[in-house]
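Summary of structural features
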Amino acid sequence: MTSPMYILHGAGPVAAMQDKLGWYLMIVSIIVVVVVGILVLAGARRRHDGRDQVARSGSGMRWVIVGGIIVPATVLVVTFALTIATEDATASPPADPAVTVQVIGHRWWWEVKYLADPAHTVVTANEIHIPVGQPVRVELSSADVIHSFWIPQLAGKTDVIPGQRNVAWLEADSPGIYRGACTEYCGLQHSNMAAFVVAESPAQFAEWLETQAKSAAPPSDPDAAAGLAVFQKSACAACHAIRGSDALGQVGPDLTHLVGRMTLAAGALENTRGNLTGWIANSQAIKPGNDMPTMTLSAGDLQALVSYLETLK
Ligand code: HEC
Ligand SMILES: [Cu+2]
């Protein structure tokens, strides 16, 4: 769904540092393999000839010291130093990040929280909006098992571990949608656990955050109002929160601004009215084993529910 996942097209400073190290390792490895291959072939041929005096002469010893100790040791030390330097630079976010976002791994979706303004906690799912060109601190935790957070074009993998808070940072050089995924096997629906970073201009980001901080307005349309009643009296409200209503559930994604999201169920479906109806009618057929049970709703209740959810802009 939406943008593919590129691992070779870095689009921000963290990815650029990791790309550079990756290419360095790749090139050095190729050179080492080729050189060792040539030496092995040459050695085999020499043994064949039965001429091995060179190995015992002084020039042979020099070869062993230079080729067997000095060159490999230099390559290893330089590689070690570059790796440590890259890890250090990519692991610690800049001291004053523009935005801090909490990302909580759930089986099988991502909860996304912004605590920038203490009066308003913004909670959304599977979509991380960030201002372009500014460093973003990502605080990672898990509600259940070990997951791993990976947005290949922006930053490498960081484990998401229950009972621990790991920190990653990322920054996008240009606006766009960067697809990521959970990259630590976490059960049945691991492959349907996409995350999307939406990088937009700082003004657009501020506007988005302001919209997200608002509570849902009570529906005016009678069909939608009936839908809200269904939502509150059925199990939905026990698992989902809609800020501004009585629904405070914490098991599933916050639905306050559901319509603004691109996908449903962590990239499993495009967010359209038809897919939303299908998801509520039988989410287990779409994402088997996910934590939303199949509920029996009358056709009327289902339509009312969808009409209500479609007002959550
Ligand atoms: C037992 C808890 C539970 C109940 C009850 C429940 N849900 Fe869910 N719901 C979830 C979970 C968990 C997810 C996330 C599934 C996933 O992506 O793996 C979810 C996902 C969703 C989504 C997709 C949200 C998104 O951003 O991807 C919608 C919409 C939704 N539920 C609506 C409803 C409605 C409407 C009801 C009542 C008819 C309902 N749910 C009942 C747990 C529940
Ligand atoms: Cu996972």
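Bear in mind that the values here come from a model prediction, so they are computed numbers and not experimental data.

**Points about the packing of helix α5 (residues 222-233) against helix α9 (residues 299-309)**
With their axes 7 Å apart at the nearest point, α5 and α9 run at an angle of 105° to one another. Considered as vectors, α5 and α9 are oriented roughly perpendicular to each other. The segment α5 lies against α9, with D223, A224, A226, G227, L228, V230, F231 and K233 engaging D301, A304, L305, S307, Y308 and L309. Among the residues forming the contact of α5 with α9, the class breakdown is nine nonpolar, two polar and three charged.

**Concerning the environment of D301**
Relative to the assigned elements, D301 resides in helix α9. Along the backbone, D301 and T79 are 222 residues apart, and their C-alpha atoms lie at a distance of 62 Å. Setting aside its immediate chain neighbours within four residues, D301 contacts V230 and K233.

**Looking at the coordination of the copper ion (ligand 2)**
Taken together, the protein ligands of the copper ion (ligand 2) are H147 (ND1), C182 (SG) and C186 (SG), with distances of 2.1 to 2.3 Å. Within one chain, the residues donating to the copper ion (ligand 2) are spaced in sequence as H-x34-C-x3-C. Pair noted here: H147 is in strand β6 (residues 147-151) and C182 is in strand β9 (residues 176-182), with a separation of 35 residues, a long-range link. The exposure class assigned to H147 is buried, which follows from its relative accessible area of 0%.

**Some words on the sheet that holds β9**
With mixed pairing, the five strands of this open sheet are ordered in space as β4-β10-β9-β6-β7. In the strand order of this sheet, the two ends are held by β4 (127-131) and β7 (155-160), each with one partner. The mean inter-strand angle of the sheet, taken between neighbouring strand axes irrespective of direction, is 20°. Those strands touched by helix α4 (residues 202-213) are β4 and β10 (194-200), and its axis lies near 135° from that of β4.

**Notes on unusual backbone geometry**
Residues R107 and W108 are joined by a peptide bond in cis, for which omega reads 0°. The residue W108 is located in the loop between β1 (99-106) and β2 (109-117) in this model. Non-glycine residue N126 carries a positive phi angle of around 65°. Of note, N126 is situated in the loop between β3 (120-125) and β4. A positive phi is found at A265, a non-glycine position, where the angle reads about 55°. With respect to the secondary-structure elements, A265 resides in the loop between β11 (263-264) and β12 (269-270).

**Some words on α4**
For α4, spanning 12 residues, the distance from its first C-alpha to its last is 16 Å, which sits close to the expected 16 Å at 1.5 Å a residue. All of the buried residues in α4 are F205, W208, L209, Q212 and A213. Looking straight down α4, one finds its buried side chains confined to an arc of 130°; they lie on one side. What points out from α4, more than 90 degrees from its buried face, is the exposed set A203, E207 and E210.

**As for the pattern of salt bridges**
Close approach of charged atoms allows side chains of opposite charge to pair. One pass over the structure, following the stated rule, counts four salt bridges. Between K113 and E111 there is a salt bridge, and its shortest N-O distance comes to 3.9 Å. Classification of K113 as partly exposed rests on a relative accessible area of 22%.

**Brief notes about the coordination of the iron atom of ligand 1**
Around a metal, the ideal angle is 109.5 degrees if four donors adopt a tetrahedral arrangement and 90 or 180 degrees if six donors adopt an octahedral arrangement. Within the first shell, the iron atom of ligand 1 binds the protein through H240 (NE2) and M292 (SD), at distances of 1.9 to 2.1 Å. Around the iron atom of ligand 1, the six donor atoms sit at angles spanning 87 to 178°, and that spread fits a shape best called octahedral. With a gap of 52 residues between them, H240 in the loop between α6 (236-239) and β11 and M292 in the loop between α8 (283-286) and α9 connect regions that are remote in the sequence. What makes H240 buried here is its relative accessible area of 11%. Under the relative-accessibility criterion, M292 is labelled buried at 15%.

**Let's talk about the packing of aromatic side chains**
Counting across every chain of the model gives five aromatic pairs. Ring geometry for Y114 versus W208: centroids 5.4 Å apart, planes at 70°, classification edge-to-face. Pair noted here: Y114 is in strand β2 and W208 is in helix α4, with a separation of 94 residues, a long-range link. Here Y114 matches W208 in class, with each residue buried. What links up through ring pairs into an aromatic cluster is the set Y114, F205 and W208. One residue, K157, lies across the ring of W150, its end atom 4.5 Å from the ring centre.

Definitions and limits used
- Residues numbered from 1 in each chain as written.
- Chains lettered and ligands numbered in written order.
- Predicted model: local features only at pLDDT ≥ 70, side-chain atom pairs only at ≥ 80, totals over all residues.
- Heavy atoms only, no water.
- Axes fitted to C-alpha atoms, helices over the stretch in contact; angles between N-to-C directions.
- Helix = DSSP H or I, 4+ residues; strand = E, 2+ residues; numbered from the N terminus.
- Parallel < 35°, antiparallel > 145°, perpendicular 65-115°, else oblique.
- Contact = heavy atoms within 4.5 Å.
- Nonpolar A, V, L, I, M, F, W, Y, C, P; charged D, E, K, R; others polar.
- Donors = N, O, S within 2.8 Å, 3.2 Å for Na, K, Ca; no water.
- Buried < 20%, exposed > 50% of the residue type's maximum accessible area, 1.4 Å probe, protein only.
- Pairing = 2+ DSSP bridges.
- Expected span 1.5 Å × (residues − 1).
- Arc of directions from axis to C-beta.
- Salt bridge = Lys/Arg side-chain N within 4 Å of Asp/Glu carboxyl O.
- Tetrahedral: all angles 85-135°; square planar, octahedral: opposite > 155°, others 65-115°.
- Phe/Tyr/Trp six-rings, centres within 6.5 Å; stacked < 30°, edge-to-face > 60°.
- Lys NZ or Arg CZ within 6 Å of the ring centre and 35° of its normal.

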